[in-house]
Amino acid sequence: MSDLDKAIAQLRACRPIPEAQVRELCYKARELLIEEGNVVGVDAPVTICGDIHGQFHDLMELFRVGGDVPDTNYLFMGDFVDRGFYSLESFLLLLCLKVRYPDRITLIRGNHESRQITTVYGFYDECLRKYGSANVWRYCCDVFDYLALGALVTGASTKLEATGAGFAESYPQNSMPADDLDIEIEILNSNGDIMNRFPRSQPQAPSTPKPEPSSSPILGTPARTGPAGTGASGSSSGSLSNDGGAVLCVHGGLSPLIDTVDKIRLLDRKQEVPHEGAMCDLLWSDPDEIDGWGLSPRGAGFLFGADIVKHFNHKNDISLIARAHQLVMEGFKEMFDSTIVTVWSAPNYCYRCGNVAAILELGEDGSNGGYVARSNGDAGRKAEREPRGAPGRRYRVFEAAPQDSRGMPAKKPVADYFL
Amino acid sequence: MSTPQLPNLLDSLGTGRGRGRRRGRGRGGLGENHEDNQEKKDRVVQKTDEDASVSRMSAVEMGYLDDPFARAFIYDPPIPRRYPIINRGTYVRTAAIDTLVNKFLAADRGAQKQIISLGAGSDTRYFRIISKDPTVKLVYHELDFPTNVAQKISAIQHTPSLLAVIRSTLSTPSDLQITAHALTSPTYNIHPLDLRTLAIDPSTSAPPPLPTLPHLSTGAPTLLLSECCLIYLSPHDADSILATLATSLIPPSTPLALILYEPIRPHDPFGRVMISNLAARGIHLQTLQKYSSLSRQRARLRSAGFVDGQAAADVDFIWGRWVGEAEKERVAGLEMLDELEEWVLLARHYCVAWGWRDGVGEGGGLFGTAWEGVVGQEGNDEGEGID
């Protein structure tokens, strides 16, 4: 067993590795990350994950639900550290996996992967507590500076391959779609049972408001299926390709300074997260029900509306933006006619919020002999492209790992309240 | 989530200071085991004050609150740092109650007023009020467990600036009487009193005698404060204590108001986790199910006799509507809040509720006038958050 495999085994047991080994690991990780562009290219199939925040036991639950590395190809959208008790073990495990299986796991930067934020929100204190010095924190922060700012997933299929899953008891019986229906969205619980399904509907008039799907089995289902007989696959304007288009993954969102994916590629990312500017916005911004751009109440980044997302996606030949950054009680939330989705992967956030978590699986489009068309935001290509639907999306929803699960140390967390 | 230094309330159970003092304070008719259990439970409630004063100190240190007296009541330094979300919550809680209290004191300014703070613990409000305006005509009473009172009095005795504030209100210095167990004066009083001794069933044929509270005014317009206090008592006790205060200790003819600060909305996922997390620390929010919403808090105030006005607002609403734009900008600029959804979630689970009765005779409309224009949250939220 190599040292790296030993480190992985030790971290999986939620035990920190020695300082010297952290130093070596961070050095290797930096060598690897320095070769990645600001926007990493990722081929489907891939499982996209949101914030982890040092909730190590829940990260193990995520791997149980989503499959282990390297069997499953993962993309983590940042915020590995802070708030939870095990930021160190969580981040180092992900980093070890990255060094061990560089092509099977992608890590991009969140707003918490920053020196300034980690000194306020716990990671710094945790390193000091576990090692007696800030060295490990420094090594990790040096790695943060090299993390990519985004990822572009290509080759995702519009079709969801069947998992052979059964239906959960909570599944709304009256809306169970026929088996041959083209399913656009499927929501599975942590046992792999189907909680809900949303068939792909025909393009609707822009004025028709569509309910946004969420993991709640009550919301949305009947209206989304549309009138009887209209739920078949296909589009009125011709046959759809199976290519689900490119999915841009970024921790926060868009920036008024960035109108093309190529502009992200041009940024100098190897630095502490700045207080303003394009790099800051990508890690801090949030979508909101507004027109255009708005000031963010967070004090960093911007709010951006549906028009901004639709214009950006159209211009860059992107079918969906996947982002994290905001707590969603249901684990994920699609907005703006499913042009953007928030994925949140820290269940019962801060051991206090009572939310469930989700991960997003995108399948592989095998219909083109495995050939993946490059879709990197080149302007002018959209005129030629064939009609295409958004990628099929399978959400796996899961709850917090039970305390003391799998024999791992689990300090009883103390959440703050007002007493 | 807490910083590592957060005092674990369970760790301190049944150990350390205060043990000997509580001997002989037995409550008649109860077996010894029951008594021990009850004392343990009380100890947990008593320690909630420490948690609150640490939160206050953290908010002061970060510039949220201006409170030069907070440090005197930190019994166990060093002071752990609280997360920004907790600092902001502590700020809103303090600012909201300050707003209501200051408006009460400013109304009919020459008239004598009275404040009775239930489970006051190490609260600094009296000192903050007097240091800003030593001429205010106010008699202030704090009621709490003897253990908490003894700790507070000891801190006051060791802090000249606190003694100076109290003395600044007295024309005769000897009017201030301090023992290890109680502090009395015509303006400031700390009474060692287990509030449950006020939980007297009015239907009892021979009710036990009421405790005497020195310097209690029965005629001055009076404001009762319960900041996370009554919620730790059984619904029966909490209601009876209010009834005793509002009828026996303060006669119905006297204008009287109550301000509550409490958690609400126990039925949604956040509320359920809150109940179980606090229960794991031995803290039981006993009236939370009964007074679970703003609507229920208003109804509670009405049926407790505060018939002339009732209002309530959650902390999220208060932050949005009561705090001025410039002040909001100042506070938001102190620390970066990383997660706004979490703030809204937390803030929607705490409320301030206030209600009043006019009494009879002069000064009748005082509370209505004082709190005119303080916006409550309208509408029925009874069903909110119930799955």
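Reading the values: the criteria
- Residues numbered from 1 in each chain as written.
- Chains lettered and ligands numbered in written order.
- Predicted model: local features only at pLDDT ≥ 70, side-chain atom pairs only at ≥ 80, totals over all residues.
- Heavy atoms only, no water.
- UniProt positions renumbered as here; feature names shortened; annotations may be inferred.
- Helix = DSSP H or I, 4+ residues; strand = E, 2+ residues; numbered from the N terminus.
- Contact = heavy atoms within 4.5 Å.
- Pairing = 2+ DSSP bridges.
- Axes fitted to C-alpha atoms, helices over the stretch in contact; angles between N-to-C directions.
- Buried < 20%, exposed > 50% of the residue type's maximum accessible area, 1.4 Å probe, protein only.
- Arc of directions from axis to C-beta.
- Right-handed = clockwise from strand over helix to strand, strands pointing away.
- Salt bridge = Lys/Arg side-chain N within 4 Å of Asp/Glu carboxyl O.
- Nonpolar A, V, L, I, M, F, W, Y, C, P; charged D, E, K, R; others polar.
- Core = buried A, V, L, I, M, F, W, Y, C linked by side-chain atoms within 4.5 Å.
- pLDDT = per-residue confidence, 0-100.
- Phe/Tyr/Trp six-rings, centres within 6.5 Å; stacked < 30°, edge-to-face > 60°.
- Parallel < 35°, antiparallel > 145°, perpendicular 65-115°, else oblique.

Sequence positions flagged by UniProt for "active site" (unreviewed entry) are, in local numbering, His112 of chain A. Tracing the chain through its elements places histidine 112 of chain A in the loop between strand E4 (105-107) and helix H5 (115-121). Look past the residues within four positions of histidine 112 of chain A in its chain and what remains in contact with it is His53, Asp79, Val81, Asp82, Ile117, Thr118 and Tyr121 of chain A together with Asp338 of chain B.

Our next topic: the sheet that holds strand E2 (residues 46-49) of chain A. All names here are of chain A. A sheet is described by the order of its strands in space; here seven strands give the open sequence E4-E3-E2-E15-E16-E6-E7, paired in mixed fashion. A single partner strand is all that each edge strand has here, and the edge strands are E4 and strand E7 (194-199). Ignoring which end each strand starts from, the neighbouring axes of this sheet average 20 degrees apart. One ladder, built from six bridges, connects strand E15 (residues 357-362) with strand E16 (residues 393-398); its direction is antiparallel. Within E16, the residue paired with leucine 360 across the bridge is tyrosine 395.

All names here are of chain A. Of the residues making up helix H1 (residues 3-12), those classed as buried are Leu4, Ala7, Ile8 and Leu11. Burial along H1 is one-sided: seen end-on, the buried residues are contained in an arc of 100 degrees. On its buried face, H1 sits against helix H2 (19-33), helix H3 (56-66) and helix H4 (87-100). Just downstream of H1, cysteine 14 is the residue with a positive phi angle, here 65 degrees.

With that settled, the discussion passes to the UniProt feature "binding site: S-adenosyl-L-methionine" (unreviewed entry) in chain B. Residues and elements named next belong to chain B. The feature "binding site: S-adenosyl-L-methionine" (unreviewed entry), as given by UniProt, occupies Arg93, Gly119, Asp194, Leu195 and Glu227 in the numbering adopted here. Among the structural elements, glycine 119 can be located in the loop between strand E1 (113-118) and helix H3 (125-132). Ignoring sequence-local partners within four residues, the contact set of glycine 119 consists of Leu143, Asp144, Leu195 and Cys229. Along the chain, leucine 195 turns up in the loop between strand E5 (188-192) and strand E6 (222-227). Excluding its chain neighbours within four sequence positions, the residues that come into contact with leucine 195 are Leu118, Gly119, Leu143, Cys229 and Ile241.

This part covers the pairing of E1 of chain B. All names here are of chain B. Among the six residues that make up E1, six are buried, leaving the element largely enclosed by the rest of the structure. Of the two faces of E1, the one holding Lys113, Ile115 and Ser117 and the one holding Gln114, Ile116 and Leu118 are both buried throughout. Note: E1 against strand E2 (residues 138-144), six bridges, orientation parallel. Opposite glutamine 114, over in E2, you have valine 139 as the bridge partner. This β-α-β element, E1 to H3 to E2, shows right-handed connectivity. Bridging between E1 and E6 involves five bridges; their strand directions are parallel. When the bridges of E6 are listed, leucine 118 appears paired with serine 226.

Counting residues at the interface gives 40 residues for chain B, matched by 35 residues for chain A. Taken together, the links from chain B to chain A amount to four salt bridges. Between glutamate 342 of chain B and arginine 352 of chain A there is a salt bridge, with its nearest N and O atoms 2.9 Å apart. When residues of the side of chain B that touches chain A are traced back to their parent elements, those giving at least two are helix H1 (32-61), helix H2 (84-106), helix H7 (269-280) and helix H11 (340-347) of chain B. Per element, the largest residue contribution to the side of chain B that touches chain A is seven residues, and it comes from H7 of chain B. Here the residues of the side of chain B that touches chain A sort into 25 nonpolar, five polar and ten charged.

What follows covers the sheet that holds strand E10 (residues 293-295) of chain A. If you walk across this open sheet you meet the three strands as E9-E11-E10 (chain A), and the pairing is mixed. Lying at the two open borders of the sheet, with one neighbouring strand each, are strand E9 (286-287) and E10 of chain A.

What follows concerns the pattern of salt bridges. What the rule picks out here adds up to 51 salt bridges over all chains. Residue arginine 83 of chain A is joined to glutamate 342 of chain B by a salt bridge in which the shortest nitrogen-to-oxygen separation is 2.9 Å. Note that arginine 83 of chain A is positioned in the loop between strand E3 (74-76) and H4 and glutamate 342 of chain B in helix H11, a pairing that runs across two chains. For the residue pair arginine 83 of chain A and glutamate 342 of chain B, the accessibility class agrees, reading buried in each case. Residue arginine 323 of chain A pairs with aspartate 286 of chain A through a salt bridge whose shortest N-O separation is 2.8 Å. Linking arginine 323 of chain A in strand E12 (residues 318-323) with aspartate 286 of chain A in strand E9, this pair joins segments that are 37 residues apart in sequence. Judged by its relative accessible area of 0%, arginine 323 of chain A falls in the buried class.

Let's shift gears to the nonpolar core. Core analysis: the largest hydrophobic core is formed by 124 residues, its most contacted members being Ile115, Phe127, Ile156, Ile259, Trp354 and Trp371 of chain B. The element contributing the most residues to this core is H2 of chain B, with eleven residues. Setting aside anything within four residues of it in sequence, one finds isoleucine 259 of chain B in contact with Ile97, Leu100, Val101, Leu223, Leu224, Leu225, Ser226, Val352, Ala353, Trp354 and Trp371 of chain B. Listed in part, the 54 residues of the second largest apolar core include Leu33, Leu59, Leu93 and Tyr131 of chain A.

Averaged over every residue, the pLDDT of chain A is 86; the share at 70 or more is 80%. pLDDT under 50 marks residues 204-211 of chain A. Its contacts with residues more than four places away, or in other chains, come to six contacts.

All right, on to the packing of aromatic side chains then. All names here are of chain B. Applying the stated criterion to the full structure yields 28 aromatic pairs over all chains. Considering the side-chain rings of tryptophan 319 and tryptophan 343, the 6.2 Å spacing of their centres and the 80 degrees angle between planes classify their relative orientation as edge-to-face. Residue tryptophan 319 is found in helix H9 (residues 315-321), and its partner tryptophan 343 is found in helix H11; the two are separated by 24 residues along the sequence. Across the pair, tryptophan 343 and tryptophan 319 agree in class, each one buried. By the ring-pair criterion, three or more aromatic residues cluster together here, those being Phe69, Phe73, Tyr126, Phe127, Tyr140 and Tyr188.

The next thing to look at is the packing of H4 of chain A against helix H6 (residues 123-131) of chain A. Residue and element names in this part refer to chain A. At a minimum axis separation of 9 Å, H4 and H6 run at an interaxial angle of 95 degrees. What the angle tells us is that H4 and H6 run roughly perpendicular. Residue-level contacts link Ser87, Leu88, Glu89 and Leu92 of H4 to Phe123, Glu126, Cys127, Lys130 and Tyr131 of H6. Looking at side-chain class alone, the contact of H4 with H6 contains five nonpolar, one polar and three charged residues.

A few words now on the UniProt feature "domain: Serine/threonine specific protein phosphatases" (unreviewed entry) in chain A. Per the UniProt entry, the sites bearing "domain: Serine/threonine specific protein phosphatases" (unreviewed entry) are residues 108-113 of chain A in this numbering. End C-alpha atoms of residues 108-113 of chain A are separated by 9 Å, and the span's content is 0% helix alongside 0% strand.

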